[in-house]
Amino acid sequence: MSRTDPIALRGAPGSPYTRKMLAVLRFRRIPYRFLVGLWTASEDLPKPKVDLLPTFYFDSSEGVEAVVDSTPIIRRLENEYLGRSVIPSDPALAFIDYLMEDYADEWLTKAMFHYRWQYEADVALAGEILPRWRDLTASAGEIAPRAEAVRERQIGRLYVVGSNEVTGGVIEASYRRFLSLLDDHIGNGPFLFGGRPSTADFGLFGQLTQLATFDPTPRNLTAEAAPRVVAWVQSVEDLSGLEPGEEDWVGRDEVPETLKPLLVEVGRTYVPVMVANARAIDSGLERVEAVVDGRPWVQRPFPYQAKCLQWVRQEYALLDGTDRGYVDGILAGTGCEALF
């Protein structure tokens, strides 16, 4: 494949990771073909080992390769397409960016899934819209059983993200705090690391495309509590017109004070759950138990998130002494130290 050929990817508008990656492709001006609904059926493409959205289709020596998982795909694109990088050039800030991206992908998604499938209005809307992306010509009678099947399946999968009677209040309180903290930081940015977007920005954006603009309960909450965040999400959708320079990355001595409270929120929520989940996986336990913000957290173990924690630790281990010292300093007192 030449670097001017469009990359094919399959996804859906209601998939936060699809929206994350579409925004990355637009910002980086990488040509792509988006396969959704009716347009997917006409494509003769291989299936990935794990059927997740989005699925990217890359040319390889053995033909077309189906690839999933947004974080490594972003790094692959960094290697294959030059310019307009979404990874900070400073290794220490690149690590903080990696950590914040994982927070978005693995913690903020809990709020997205929780609100969509816990509240009646959200369940009703998602059930009506999601199956129509695959069949725009279907009648209401044809959609009705598909909508019910989607609702039943997704509500039955709430355990995957840890949304239940014990954790629901923790998830919602965390989302409200996050909105306030991001709203404050955007005023100093407008992105996490200065005047150009990073992988963490796109990770947060992906989840917020659903929380801030689609699902009724968090959409109304976000509009009321943090209208600047709503405007930010609408802006990040397509940053292809932004002309970033190296000077647009914030320097170590210029990091706004508003970044640290966001890291405190990461340490307050994501960290204890990720550590407890990994401990449960290592010990062969059937139940994850943690304390988040002084409240109990219980869920089933999630093997993939144990891998995510391992990858975060590997990124930390790759830092040299000076860079690691800076990271340790910025994380001091946030609760994120418990990851290492």
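Further up the page is the structure itself.
Just so it is clear, the structure is predicted and the values come from calculations on it, not from any experiment.

### Describing the overall build of the protein
Move 1: Helix and strand counts for the protein come out as 15 helices and six strands.
Move 2: Computed over its C-alpha atoms, the radius of gyration of the protein comes to 20 Å, within 12% of the 20 Å expected for a compact globule of 340 residues.
Move 3: Dimensions along the principal axes, computed over C-alpha positions, put the protein at roughly 60 × 50 × 45 Å.
Move 4: Here the protein holds 340 residues, and the buried ones make up 53% of them.
Move 5: Carbon and sulfur atoms form 52% of the exposed surface of the protein, whose accessible area is close to 15000 Å².

### So, the packing of helix H12 (residues 259–268) against helix H13 (residues 270–283)
Move 1: With their axes 3 Å apart at the nearest point, H12 and H13 run at an angle of 30° to one another. Packed against H12, whose contacting residues are Glu-265, Val-266, Gly-267 and Arg-268, the element H13 presents Tyr-270, Val-271 and Pro-272 at the interface.
Move 2: Looking at the contact of H12 with H13 residue by residue, the class counts come to four nonpolar, one polar and two charged.

### Details of the pattern of salt bridges
Move 1: Using the criterion set out here, one finds 23 salt bridges in the structure.
Move 2: The salt bridge partner of Glu-65 is Arg-76, with a shortest N-O separation of 3.4 Å. Of this pair, Glu-65 sits in strand E4 (residues 63–67) while Arg-76 sits in helix H3 (residues 70–80), placing them eleven residues apart in sequence.
Move 3: Residue class for Arg-76 comes out partly exposed when judged on its relative accessible area of 24%.

### Examining the side chain of Asp-135
Move 1: Turning to its location among the elements, Asp-135 is positioned in the loop between helix H5 (120–129) and helix H6 (140–155).
Move 2: Residue class for Asp-135 comes out buried when judged on its relative accessible area of 18%.

### Details of the environment of Lys-110
Move 1: Looking at the element boundaries, Lys-110 is found in helix H4 (residues 91–118).
Move 2: Classification of Lys-110 as buried rests on a relative accessible area of 2%.
Move 3: Along the primary structure Lys-110 and Val-161 are separated by 51 residues, whereas in three dimensions their C-alpha atoms are 5.4 Å apart.
Move 4: Those residues in contact with Lys-110 that sit more than four places away from it in its chain are Val-161, Ile-171, Val-273, Trp-297, Gln-299 and Gln-305.

### A look at the side chain of Asp-323
Move 1: Here Asp-323 is to be found in helix H15 (residues 321–331).
Move 2: Judged by its relative accessible area of 10%, Asp-323 is buried.
Move 3: Excluding its chain neighbours within four sequence positions, the residues that come into contact with Asp-323 are Pro-91, Ala-92 and Arg-252.

### Focus: the environment of Arg-176
Move 1: Structurally, Arg-176 is set in helix H8 (residues 168–186).
Move 2: Judged by its relative accessible area of 43%, Arg-176 falls in the partly exposed class.
Move 3: Once the C-alpha coordinates of Arg-176 and Ala-111 are considered, the two residues, 65 residues apart in sequence, prove to be 10.0 Å apart.

### Points about the packing of aromatic side chains
Move 1: Across all of its chains, the model carries 14 aromatic pairs by this definition.
Move 2: Seen in terms of ring centroids, Phe-95 and Phe-340 are 5.8 Å apart; in terms of plane orientation they differ by 55°. Their pairing is tilted. With Phe-95 in helix H4 and Phe-340 in the segment after H15, this residue pair connects regions lying 245 residues apart in the sequence.
Move 3: On the basis of relative accessible area, Phe-340 is assigned to the partly exposed category, the value being 36%.
Move 4: Consider the rings of Tyr-316 and Phe-340, whose centres lie 3.9 Å apart with planes at 10°: the pair is stacked. Separated by 24 residues along the polypeptide, Tyr-316 in helix H14 (residues 303–317) and Phe-340 in the segment after H15 bring together distant segments of the chain.
Move 5: You can call Tyr-316 buried: its relative accessible area is 13%.
Move 6: Each member of the aromatic cluster is reached from another via a ring pair, and the members are Tyr-103, Tyr-115, Tyr-119, Tyr-175, Phe-178 and Tyr-270.
Move 7: Here Arg-76 stacks its cationic end above the ring of Phe-58, 3.9 Å away from the centre of that ring.
Move 8: Above the face of the Tyr-326 ring, Arg-252 is positioned so that its terminal group lies 4.9 Å from the ring centre.

Thresholds, definitions, all that
Residues numbered from 1 in each chain as written. Predicted model: local features only at pLDDT ≥ 70, side-chain atom pairs only at ≥ 80, totals over all residues. Heavy atoms only, no water. Helix = DSSP H or I, 4+ residues; strand = E, 2+ residues; numbered from the N terminus. Rg over C-alpha atoms; globule rule 2.2 N^0.38 Å. Buried < 20%, exposed > 50% of the residue type's maximum accessible area, 1.4 Å probe, protein only. Areas by Shrake-Rupley, 256 points an atom, 1.4 Å probe, with all protein chains shown as cover. Axes fitted to C-alpha atoms, helices over the stretch in contact; angles between N-to-C directions. Contact = heavy atoms within 4.5 Å. Nonpolar A, V, L, I, M, F, W, Y, C, P; charged D, E, K, R; others polar. Salt bridge = Lys/Arg side-chain N within 4 Å of Asp/Glu carboxyl O. Phe/Tyr/Trp six-rings, centres within 6.5 Å; stacked < 30°, edge-to-face > 60°. Lys NZ or Arg CZ within 6 Å of the ring centre and 35° of its normal.

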